[in-house]
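Summary of structural features
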Amino acid sequence: MGERTEQTPASLRARRRDAAHRLAEVQAGVMSRSQLYAAGLSRGEVRANVRAGRWARLGAHCIRTSTGAMTRQAIWWSAVLEAGPRAFLDGESALIAAGLEHYDCARVRVSVPRGARIRHRNTTVDIRQTRRWDPHDLVEGTGVPRSRPEVAAIRAALWARSDRQATLVLTMSVQQGITVVAKLAEELLRIRRDRRRALIQTVLLDLVGGASSMGELDVLKGCRQRGLPEPDMQVLRRTSTGSYYLDFRWRRWGVVLEVDGIQHAWVQQIVPDALRQNSVALTGDTVLRLPVLGLRLCPDAFFEQLTEALERAGCPLEHRHRA
């Protein structure tokens, strides 16, 4: 028979500590105190590891099993574990965790069910109760608990500080392939009442290119309201680089206005649009661009530029008949 190895208190503590490290690996090195206790460690052992500098306190309820620089994943895990057992990343934070890039989010957004007791708050984590909490809204599998991208994007738009921010987060989510318009539209159907619901619906139409005719009507309406002459629409122009249909052209004054849907900001469209604009400009026309988003968010600024272009070309403001 083999010789039996005696377990000393020190070796038992080391084994429990190693077990805690293995558990923490799937949570970016962060564990809640309750998880550590469930793994067999005592409160005294947790305090001893912290005093020895092997571990570090993190918030009111979490322990880091390393003392190096905090990773973004560690920050997310800490936020979720601090908020409670049913907490998850939501809104902008869930989108960033899903891969959204070049989007700033000052605070980590965490959602908990309505009525849940929020265990701890701090200035870097925004913990909110939500009546829309549903376990089916979460991403399945391992990793930090977070809402599905389409759920997160719609909520981020609803919770945004401004219409501009709401539009931006939806647009970037689709452009970067985090989610698709069809799934966003499906999630929007779940929202019965919200002051921003109509805006989100309009942005989704823009994202699939379904608002081009709406944009044209809005341009014509804006011209009439400001006493500007109505342009010719869908004018065929032939240049050395090809033939193009221009959205609007005031032929008499050589002014062109192109209305850009959101798809015109995508990488694959930027170069063809630039070549088209340059070709038209080389024939002598003044070319202005009006993004559909600009038409939604700040139309006056763009119509002021259009007015200035027409005035510089000699168009009197009181001129109202068709150009």
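Residues numbered from 1 in each chain as written. Predicted model: local features only at pLDDT ≥ 70, side-chain atom pairs only at ≥ 80, totals over all residues. Heavy atoms only, no water.

It is worth spelling out the pattern of salt bridges at this point. Using the criterion set out here, one finds 13 salt bridges in the structure. Notably, a salt bridge pairs Arg155 with Asp90, separated by 2.8 Å at the nearest N-O pair. Residue Arg155 is found in helix H6 (residues 149-159), and its partner Asp90 is found in the loop between strand S4 (88-89) and helix H5 (91-97); the two are separated by 65 residues along the sequence. In this pair, the class of Arg155 matches that of Asp90, namely buried. (Salt bridge = Lys/Arg side-chain N within 4 Å of Asp/Glu carboxyl O. Helix = DSSP H or I, 4+ residues; strand = E, 2+ residues; numbered from the N terminus. Buried < 20%, exposed > 50% of the residue type's maximum accessible area, 1.4 Å probe, protein only.)

Turning our attention to the confidence of the model for the protein. For the protein, mean pLDDT is 81; residues scoring 70 or higher make up 83% of the total. This model gives residues 264-268 a pLDDT under 50, and the stretch forms 9 contacts once residues within four places in sequence are excluded. (pLDDT = per-residue confidence, 0-100. Contact = heavy atoms within 4.5 Å.)

The subject of this paragraph is the sheet that holds strand S6 (residues 125-130). The sheet built from 3 strands is open, its strands ordered S4-S5-S6 with mixed pairing. Both edges of this open sheet fall to S4 and S6, since each of them pairs with a single strand only. Examined bridge by bridge, strand S5 (residues 108-113) and S6 share 6 bridges and lie parallel to one another. Bridging from a neighbouring strand, Val110 pairs with Ile127 of S6. Packed onto the sheet, helix H4 (residues 72-83) meets S4, S5 and S6 and runs at close to 30 degrees relative to S5. (Pairing = 2+ DSSP bridges. Axes fitted to C-alpha atoms, helices over the stretch in contact; angles between N-to-C directions.)

On the secondary structure map, Leu168 appears in helix H7 (residues 163-175). Placed 125 residues apart in sequence, Leu168 and Leu293 show a C-alpha to C-alpha distance of 9.3 Å.

Bringing the layout of surface pockets into the picture now. Its boundaries defined by the atoms lining it, the largest pocket holds a volume of some 350 Å³. For the largest pocket, the lining is made up of 16 residues, of which Glu92, Asp126, Trp159, Arg161 and Gln165 are closest to its centre. Elements with a minimum of two residues in the lining of the largest pocket: H5, S5, S6 and H6. Here the residues of the lining of the largest pocket sort into 7 nonpolar, 2 polar and 7 charged. (1 Å grid on protein atoms, 1.4 Å probe; cavity = no way out; pocket = protein on both sides within 12 Å on 5 of 7 lines; lining within 4 Å. Points joined across faces, edges and corners; volume = space filled by probe spheres on them. Nonpolar A, V, L, I, M, F, W, Y, C, P; charged D, E, K, R; others polar.)

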